[in-house]
There are 2 protein chains.
Amino acid sequence: MNEVTIRPIAHIESDFPEKFGIPRQAGIVEELRAKVVFEEPFRNPEALRGIEGFSHLWLIWQFSENVRADFSPTVRPPRLGGNTRLGVFATRSPFRPNALGLSCVRLLGLEKTREKGTVLLVAGADLMDGTPIFDIKPYLPYADCRPEATGGFAPDAPEKLKVVFPAAALETIPPDKRAALRGVLENDPRPRYHSDPERLYAMSFAGLTVRFRVKDGTLRVESVE
Amino acid sequence: MNEVTIRPIAHIESDFPEKFGIPRQAGIVEELRAKVVFEEPFRNPEALRGIEGFSHLWLIWQFSENVRADFSPTVRPPRLGGNTRLGVFATRSPFRPNALGLSCVRLLGLEKTREKGTVLLVAGADLMDGTPIFDIKPYLPYADCRPEATGGFAPDAPEKLKVVFPAAALETIPPDKRAALRGVLENDPRPRYHSDPERLYAMSFAGLTVRFRVKDGTLRVESVE
């Protein structure tokens, strides 16, 4: 087998400093905002010429926190409760050979910056802050959108939780981050095999620490700092 | 920039021994059949458990014929006639950093073989025979199918040619390859900047050499050997 060396063309700047809380697929929380920042020598606006014509982009990236040398042929998807084993190639699990991730994000626009050159503003990304990106491709509806496709054990987006914020907590959150945080919480950041209604979780998001409990389908925010 | 080493988990067995004639996106010629053959240690049917539940798969692979050390920020997509330059990240051109390809194929089934273990039978692949594959992921309709997406300079599949076979040529082609070959020819294998009606092209497909000319929107097969 011929090994291949690839190198990041860019990295993402997102509101997730750690894995906990990141939506399990791209596009689930459309309100999330992130920036794609190019590395040299790829920091060249010419390489983006025409990209504004596309509403969506593919990012190919690395689950940089999940790189493992050993190969486990099966994984336990959270969608199945975390106890059922499926083949790794039948899932989007991060624990996979080469640890490559694939995400469809919406392109909001380009921003010229002094320090980082032209960056891409994207919505719906499910990448941890700093994640290396190896390729960016336009989403081609005629090739990539397959309405006839059937989705195995994950035919639809997961069910959402009801989210309750105390008024004081809500005010702590910058207005432009509120909808995204709500979206993240609605999608249940907990590991799927957790069901302790007393357990207090802490999630880092956009410089905030958000503490919450989940009981009977309702996520109650306890504090935001 | 941190380089990353990845290694093939599989390779494809397709009817294209060379680049010429390969459809420019996956799924355009649905009649094409190919096999995904796993490398050791990934040749383990456990790694595929549950994959039959998905109708479509993503392949992440390498344009192994197009690996280049230098970086060109722009390319000339055949869809624009081959003369207009666009940014490489606004196209699906093979001439891109890391030379990674992304293809959505239909999963037809699994086949247990004595020599190659369990292989995947897929339809619509746009990969050259022997292409190394780095990852296989299920297509998740709720995350990957974006009917609202707009497609920039390539909103639809390219227009098709009319294809004419002489009766004798048609009989030379194995019956199970005819529809696929017709599909490949309909999608105009020529480089887009070619328009010489006298020029005789030769394409290798499924062990055959197919010679043809194109004039006024009609592709006429001259011989099949």
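Figured I'd write up the structure that's included with this text. None of these values were measured; they are calculated from a predicted model.

Focus on the overall build of chain A
Line of reasoning, step 1. From N to C terminus, chain A includes 3 helices and 13 strands.
Line of reasoning, step 2. Relative to a compact globule of 225 residues, whose C-alpha radius of gyration would be 17 Å, chain A shows 18 Å and is just as compact.
Line of reasoning, step 3. With respect to the principal axes defined by its C-alpha atoms, chain A has extents near 50 × 45 × 35 Å.
Line of reasoning, step 4. Counting the 225 residues in chain A, one finds 43% classified as buried.
Line of reasoning, step 5. For chain A, the proportion of contacts with a sequence separation of at least 24, taken over those separated by at least 6, is 71%.

Considering unusual backbone geometry
Residue and element names in this part refer to chain A.
Line of reasoning, step 1. With an omega of 5°, the peptide bond between Glu40 and Pro41 qualifies as cis.
Line of reasoning, step 2. Inspection of the secondary structure assignment puts Pro41 in the loop between strand 3 (33–38) and strand 4 (56–62).
Line of reasoning, step 3. Even without glycine at this site, Asp216 takes up a positive phi of about 50°.
Line of reasoning, step 4. Looking at the element boundaries, Asp216 is found in the loop between strand 12 (208–215) and strand 13 (218–224).
Line of reasoning, step 5. Residue classification places Asp216 among the exposed positions, given that 7 C-beta atoms sit within 10 Å.

Quick look at the pairing of strand 2 (residues 10–13) of chain B
Residue and element names in this part refer to chain B.
Line of reasoning, step 1. Sheet topology places strand 2 next to strand 3 (residues 33–38); 4 bridges connect them, and they run antiparallel. Each residue of the ladder has a partner; that of Ile12, found in strand 3, is Val36.
Line of reasoning, step 2. Here strand 2 pairs with strand 9 (residues 132–138) via 2 bridges, running antiparallel. Each bridged residue has a counterpart across the sheet, and for Ala10 the counterpart in strand 9 is Ile133.

What about the interface of chain A and chain B?
Line of reasoning, step 1. With 70 residues of chain A at the contact, the number on the chain B side is 70 residues.
Line of reasoning, step 2. Residue assignment for the side of chain A that touches chain B shows that the elements contributing at least two residues are strand 1 (4–6), strand 4, strand 6 (86–87), strand 7 (100–113), strand 9 (132–138) and helix 1 (141–144) of chain A.
Line of reasoning, step 3. The greatest single-element share of the side of chain A that touches chain B, amounting to 6 residues, is contributed by strand 9 of chain A.
Line of reasoning, step 4. Partitioned by chemical class, the residues of the side of chain A that touches chain B number 40 nonpolar, 17 polar and 13 charged.
Line of reasoning, step 5. Two elements, strand 1 of chain A and strand 1 (residues 4–6) of chain B, share 3 bridges in a ladder whose sense is antiparallel. The residue bridging A:Thr5 from the neighbouring strand is B:Thr5, located in strand 1 of chain B.

Let's talk about the relation of the copies chain A and chain B
Line of reasoning, step 1. Expressed as a screw transformation, the operator carrying chain A onto chain B has a rotation angle of 180° and an axial translation of 0.0 Å, and the superposed copies differ by an RMSD of 0.0 Å. On this basis, the relationship between the two copies can be described by a two-fold rotation axis.
Line of reasoning, step 2. When the interface residues of chain A are mapped onto chain B, 100% of them again fall at the interface, so both copies present the same face.

Here we look at the environment of B:Asn98
Line of reasoning, step 1. Within the fold, B:Asn98 resides in the loop between strand 6 (86–87) and strand 7 (100–113).
Line of reasoning, step 2. With 29 residues separating them along the chain, B:Asn98 and B:Ala69 place their C-alpha atoms 9.0 Å apart.
Line of reasoning, step 3. Those residues in contact with B:Asn98 that lie beyond four places of it in its chain are A:Ile6, A:Phe134 and A:Asp135.

Brief notes about helix 3 (residues 175–186) of chain A
Residues and elements named next belong to chain A.
Line of reasoning, step 1. Taking 1.5 Å per residue as the helical rise, helix 3 with its 12 residues ought to reach 16 Å, and the 18 Å between its terminal C-alpha atoms agrees with that figure.
Line of reasoning, step 2. Along helix 3, the residues that are buried comprise Ala180, Leu181, Val184 and Leu185. Angular distribution of buried residues about the axis of helix 3 spans 135°; they occupy a single face of the element.
Line of reasoning, step 3. Along its buried surface, helix 3 packs onto strand 3, strand 10 (162–164), strand 11 (201–205), strand 12 and strand 13.
Line of reasoning, step 4. Immediately beyond the C-terminal end of helix 3, within one or two residues, lies Asp188, with a positive phi of roughly 60°.

Analysis parameters
- Residues numbered from 1 in each chain as written.
- Chains lettered and ligands numbered in written order.
- Predicted model: local features only at pLDDT ≥ 70, side-chain atom pairs only at ≥ 80, totals over all residues.
- Helix = DSSP H or I, 4+ residues; strand = E, 2+ residues; numbered from the N terminus.
- Rg over C-alpha atoms; globule rule 2.2 N^0.38 Å.
- Buried ≥ 20, exposed ≤ 12 C-beta atoms within 10 Å, placed from the backbone.
- Contact = placed C-beta atoms within 7 Å.
- Pairing = 2+ DSSP bridges.
- Nonpolar A, V, L, I, M, F, W, Y, C, P; charged D, E, K, R; others polar.
- Least-squares fit on C-alpha atoms with pLDDT ≥ 70 in both.
- Expected span 1.5 Å × (residues − 1).
- Arc of directions from axis to C-beta.

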